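Residues per chain, in single letters:
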Amino acid sequence: MKIGTPKEVFEGERRVAMTPDSALQLQKLGHECLIESGAGAASGFDDASYTAAGVEVVKTAAALWKAADVVAKVRVPDASEMKKLREGQTLISFFSPVADEAKMQAAAKKGATVVAMEMIPRISRAQKMDALSSMANIAGYRAVIEAGNNFGRFFTGQITAAGKVPPAKVLVVGAGVAGLAAIGTSTSLGAITLAFDVRPEVAEQVESMGAEFVYLDFEEEQQDGAATGGYASVSSPEFREAQLAKFRELAPDVDIVITTALIPNREAPEIWTADMVAAMKPGSVIVDLAAEKGGNCKQTVMDQKIVTENGVTIVGYTDFPSRMGTQASTLYSTNIRHLLTDLTPEKDGVINHNMEDDVIRGATIAHASEVTFPPPPPKVAAIAAAPKKPAAKELTAEEKRAAELAAFKAQTKNQVTLLAVGGALLLAVGLVAPASFMQHFIVFVLSVFIGFQVIWGVAHSLHTPLMAITNAISSIIILGALMQIGSGSGLVVVLAALSVFMCGINIFGGFLVTRRMLAMFQKS
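What you see is a predicted model; the values in this text were computed from it and never measured. Position numbers for residues start from 1 in each chain and track the written sequence from start to end. At least 70 in pLDDT is required for a residue's local features to be given in this predicted model, at least 80 for side-chain atom pairs to be given and counted, and no such filter applies to totals for whole chains, interfaces and linings, which use all residues. To obtain the side-chain values, all non-hydrogen atoms of the structure were used and water was disregarded.

A. The sheet that holds strand β2 (residues 32-36), seen in detail. The rule for pairing is simple: two strands pair if DSSP sees at least two bridges between them. In DSSP terms, a helix is any run of H or I states spanning at least four residues, a strand is any run of E spanning at least two, and both are numbered starting from the N terminus. Ordered in space as β3-β2-β1-β4-β5-β6-β16-β17, the eight strands form an open sheet in which the pairing is mixed. Lying at the two open borders of the sheet, with one neighbouring strand each, are β3 (56-58) and β17 (370-371). Sheet topology note: the strand β5 (residues 90-93)/strand β6 (residues 113-116) ladder contains four bridges and is parallel. When the bridges of β6 are listed, T90 appears paired with T113.

B. Geometry of the packing of helix α6 (residues 131-150) against helix α11 (residues 325-343). Axes, fitted as lines to C-alpha atoms, cover a helix only where it is in contact. Angles between the N-to-C directions of the axes lie from 0 to 180 degrees. Taken N-terminus to C-terminus, the directions of α6 and α11 make an angle of 165 degrees; their axes are 9 Å apart at the nearest point. Here α6 lies roughly antiparallel to α11, going by the angle between them. Judged by the twist between their axes, the crossing of α6 over α11 is right-handed. Note on element contacts: α11 touches α6 through Q327, A328, L331, Y332 and N335, opposite A131, S134, M135 and I138. Throughout, the term roughly parallel applies to angles under 35 degrees, roughly antiparallel to angles over 145, roughly perpendicular to angles from 65 to 115, and oblique to all others. Note on convention: the crossing is left-handed when the near helix lies turned anticlockwise from the far helix by less than a right angle, right-handed when the turn is clockwise. A contact between two residues is defined here by any heavy atoms of the two lying within 4.5 Å.

C. Quick peek at the sheet that holds strand β12 (residues 256-259). Strand order in the open sheet made by the seven strands is β11-β10-β9-β12-β13-β15-β14, with mixed pairing throughout. One side of each edge strand has no neighbouring strand; the edge strands of this open sheet are β11 (212-213) and β14 (305-307). Here strand β10 (residues 192-196) pairs with β11 via two bridges, running parallel. When the sheet's bridge partners are listed, A195 is paired in β11 with F213. Packing of helix α9 (residues 237-250) onto the sheet brings it into contact with β9 (169-173) and β10, and relative to β10 it is tilted by some 165 degrees.

D. Molecular detail of the packing of α6 against helix α7 (residues 177-188). The N-to-C vectors of α6 and α7 enclose an angle of 35 degrees; their axes lie 7 Å apart at closest approach. Note on packing geometry: the crossing formed by α6 with α7 is right-handed. Facing S133, A136, N137, G140, Y141, V144 and I145 of α6, the residues of α7 in contact are V177, A178, A181, A182, T185 and S186. Just so you know the grouping, Ala, Val, Leu, Ile, Met, Phe, Trp, Tyr, Cys and Pro go in nonpolar, Asp, Glu, Lys and Arg go in charged, and all remaining residues, Gly too, go in polar. The class makeup of the residues in the contact of α6 with α7 is eight nonpolar, five polar and no charged.

E. Structural detail: the nonpolar core. In plain words, nonpolar cores are sets of buried Ala, Val, Leu, Ile, Met, Phe, Trp, Tyr and Cys residues tied together by side-chain atoms within 4.5 Å. The buried label goes to any residue with under 20% of its type's maximum accessible area, the exposed label to any with over 50%, and the partly exposed label to all in between, with areas taken from a 1.4 Å probe on protein chains only. Membership of the largest hydrophobic core comes to 37 residues, with the highest contact counts inside it found for V55, I92, M117, Y332, L339 and L340. Broken down by secondary-structure element, the contributors of at least two residues to this core are α1 (20-28), β2, β4 (70-72), α6, α11 and α12 (358-363). Element by element, the count of residues in this core is highest for α11, at six residues. Beyond its immediate sequence surroundings of up to four residues, I92 is in contact with V70, V71, A72, K73, V115, M117, I336, L339, L340 and L343. One finds A168, A175, V202 and A203 within the second-largest nonpolar core, a separate group that totals 29 residues.

F. Representation of the pairing of β6. Of the two faces of β6, the one lined by T113 and V115 and the one lined by V114 and A116 are each fully buried. For the handedness criterion, the strands are oriented away from the viewer, and a crossover whose path from the first strand over the helix to the second runs clockwise is classed as right-handed. Regarding topology, helix α5 (residues 101-110) serves as the crossover connection from β5 to the parallel β6, and that connection is right-handed. Two strands pair when backbone bridges link them, and β6 and strand β16 (residues 364-367) are joined in this way by two bridges, in the antiparallel orientation. In the sheet register, V115 faces β16, and the bridge partner there is T364.

G. How the structure looks around a nonpolar patch on the surface. In this analysis, a patch consists of residues with relative accessible area above 30% that form no salt bridge, clustered at 9 Å for like charges and at 5 Å for the nonpolar side chains Val, Leu, Ile, Met, Phe, Trp and Tyr. Each accessible area is a Shrake-Rupley estimate made with a 1.4 Å probe; only the visible protein chains count as cover when residues are assessed. The salt bridge criterion pairs a side-chain nitrogen of Lys or Arg with a carboxyl oxygen of Asp or Glu, the two atoms within 4 Å. On the surface, a cluster of nonpolar side chains totalling about 740 Å² of accessible area is made up of L491, V494, L495, L498, F501, M502 and I505. Assignment of secondary structure puts L498 in helix α17 (residues 490-519). Given the relative accessible area of 45%, L498 is considered partly exposed.

H. Spotlight on the pattern of salt bridges. Taken as a whole and assessed by the stated rule, the structure comprises 18 salt bridges. Across the pair E13 and R75 runs a salt bridge, and its minimum N-O distance is 2.7 Å. Placement of the pair is E13 in the loop between β1 (2-5) and α1 and R75 in the loop between β4 and α4 (79-84), with a sequence separation of 62 residues. For E13, a relative accessible area of 9% gives the class buried. We note a salt bridge from D197 to R199, for which the minimum N-O separation is 2.8 Å. Each member of the pair D197 and R199 is classed as buried.

I. Representation of α6 in the model. Under the convention used throughout, the expected extent of a helix is 1.5 Å for every residue step, that is, one less than its residue count. Counted at 1.5 Å a residue, the expected span for α6 with its 20 residues is 28 Å, and the 28 Å between its end C-alpha atoms agrees. When we look at burial in α6, the residues that qualify are A131, S133, S134, M135, I138, A139, G140, A143, V144, E146, A147 and N150. Its buried side turned inward, α6 meets α7, β12, β13 (285-288), β14, β15 (313-315) and α11. Polar contact criterion, stated in full: a pair of N or O atoms within 3.5 Å, where within protein one must be able to donate a hydrogen and the other to accept it, and residues adjacent in sequence count only if both atoms are side-chain atoms. Measuring from the backbone nitrogen of L132 back to the side-chain oxygen at the start of α6 gives 3.3 Å, which picks out D130 as the cap.

Take a look at the structure:
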């Protein structure tokens, strides 16, 4: 089939749904690739690069829509593009089925198939097609860059001849894909980074990236993310009040706030209120990634940057991925390519729109002249609940002492048995072996026993440094080489010198590896 990508008609949009690299992969699936002339120019992909990749460059959008069996684009199609959509054609793009219900109905009426990229189910198998996550990753990174562009100081702290510069303090609200990208970028730039999320289970992810997780003195049972499409669930009014109180406490101290709380097809919740903005220092920056849905800060103006009366800059841009057109196009076109790989299972250039597939069904909002939105929940294999074990009987103090005594006696019996068997074996060997052998053999057996006891009591994570230090200590055999290096025989001197060299490497290397390994377990 022919896969076509038109030039985006949305003003200022720099992304393109097909790159030369993704076109090469699509051709391996048996498809032909078309692109409108100039479609990739804003992202750094000229027509010549597409031609070199075997893509047919079409002069006009009308000609492309007419020739393509599948149209892949980025933004929601406008009215003029909807008119070009025809029966039997497949459209793959962001679509906003809730906000654009009329367009969805029109597509179904025409007999076209529409796959909405934001409707890709958030399940493990579909991660490679998850365009929302791809774009959120870029948005989180770009939010920090925009914040730095509007912030009047360094991110990292510095001590210079001209004075000391304190590090910036950044608060990231929401630790989803965009939030984690912002956290990683902020910490890499040297800022003191704080992060908050209504899901306390993400605290480990936040802390592993070098940021500090903001905890609330409030306990509330949260829904599993799998049950809410991978997003945070709605919190209770009491939890929200505790959250706002914590933010009011942090507002005077932070320099940059990046808010990422947004769930598709819902209005953005207000989490940074006017009094928090008023409490911030002059020169502070707020980057609101939810501006498109009303903003997490209600003072945010969509697609604009404003400065409040107290000197706080609020950035409400909605085109963060588009501002990094080349990177965004590369990731988005890869998402499209993976989706088309699933739609072309035989790699024969024939689209098989399997509505029994969870991913394809979940993302399809119009098919076979019917509206198929909203989709059913993904089929998740039911796991039978394990039968509950009967509650353990509470033991009395005397029963506990009796159980401990019985366990001690059993352990002692095992040890005595092992010692008896070991002694019998040594006696048997001693009856037939010479006395000189037995001296060395007994030392060997004791060494093995002591070594086993030492290793058995060490945590698994410390085995590598223990082995390294043991290796270094065992190189005490260097003493023998040093004693022989003064020999009158030239061959003995050479061998002794080589022994000293190799043992020296073992000693210094062992201690060095041990030092580096142990440093991994030390807190800075």
